[in-house]
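An overview of the molecular structure
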Amino acid sequence: MIFTVIWVYQSAVKAKTGNAIMWVGITGAVFLVSQVFLYFLNIDLSDAFNGKDISTEGYERELTSIGDRKNEEGFQSFSGVLLSVFLELMPPVMGFLIVAVIRLKFITKEQFSAATLFGGTKELLFGGVKNIVDTLKQGVKKS
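In this report, we go over the structure that sits alongside the text. Small disclaimer: the values here were computed from a predicted structure and weren't measured. (Residues numbered from 1 in each chain as written. Predicted model: local features only at pLDDT ≥ 70, side-chain atom pairs only at ≥ 80, totals over all residues. Heavy atoms only, no water.)

Concerning the nonpolar core
If you look at the biggest cluster of nonpolar residues, it comprises 10 residues: V5, V8, A12, A20, W23, V24, F31, V99, I102 and I107. Listing elements by their share of this core, those giving two or more residues are α1 (2–14), α2 (20–49) and α3 (78–108). It is α2 that provides the largest number of residues to this core, a total of 4 residues. The residues contacting V5, other than those within four sequence positions of it, are V24, T27 and G28. (Core = buried A, V, L, I, M, F, W, Y, C linked by side-chain atoms within 4.5 Å. Buried < 20%, exposed > 50% of the residue type's maximum accessible area, 1.4 Å probe, protein only. Helix = DSSP H or I, 4+ residues; strand = E, 2+ residues; numbered from the N terminus. Contact = heavy atoms within 4.5 Å.)

Here it is in structure tokens:
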């Protein structure tokens with residue numbers, strides 16, 4: 001979430017959007033809401049794959065009840081590993097994609113393509129680290 005809101009802020013400043021902080025707040029809230037929704041969906045998907053009847057009235061799962069959330073195949077089979085990895089990575093990846101679409105359509109207002117959808121992430125990741133290292137080197141030279 002921190003990465004995405006910094007990315008949105010940088011994009012809003014580069015696009016000269018007047019309400020950069022407002023867009024950071026909106027996309028942060030959208031990211032958080034999508035995470036909560038997708039984790040609840042993950043619980044239902046996990047139980048559906050395990051053959052539990054989630055449509056009964058007595059079924060009430062919470063995010064904290066993780067005791068029996070293993071898939072049927074477990075980690076002994078390749079499909080069990082893929083299912084576990086998918087269920088673990090789907091919420092953050094989908095949240096990032098939702099924020100990327102909002103950034104593209106409402107903040108930068110560019111044409112939809114893979115390059116513009118993820119534009120600015122390379123500079124944020126690698127340029128930011130380089131700037132931090134350069135700042136640290138300058139601080140060491142002064143002292």
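After that view of the structure, there is still more to cover.
Observations concerning a nonpolar patch on the surface
A contiguous nonpolar surface patch, about 470 Å² in accessible area, is contributed by V85, L89, V93, M94, L97 and F118. Looking at the secondary structure, you find F118 in the loop between α4 (114–117) and α5 (121–142). F118 sits in the partly exposed class, given a relative accessible area of 34%. (Patch = residues over 30% accessible without salt bridge, like charges linked within 9 Å, V, L, I, M, F, W, Y side chains within 5 Å. Areas by Shrake-Rupley, 256 points an atom, 1.4 Å probe, with all protein chains shown as cover. Salt bridge = Lys/Arg side-chain N within 4 Å of Asp/Glu carboxyl O.)

A closer look at the packing of α1 against α2
The contact between α1 and α2 brings their axes to 9 Å, and the two run at 150 degrees. When the axis of α1 is compared with that of α2, the two are roughly antiparallel. Taken as a pair, α1 and α2 cross one another with a handedness that is right-handed. Listed contacts from α2 to T4, V5, V8, Y9, A12 and V13 of α1 are A20, I21, W23, V24, T27, G28 and F31. (Axes fitted to C-alpha atoms, helices over the stretch in contact; angles between N-to-C directions. Parallel < 35°, antiparallel > 145°, perpendicular 65-115°, else oblique. Left-handed = near helix turned anticlockwise from the far one by under 90°.)

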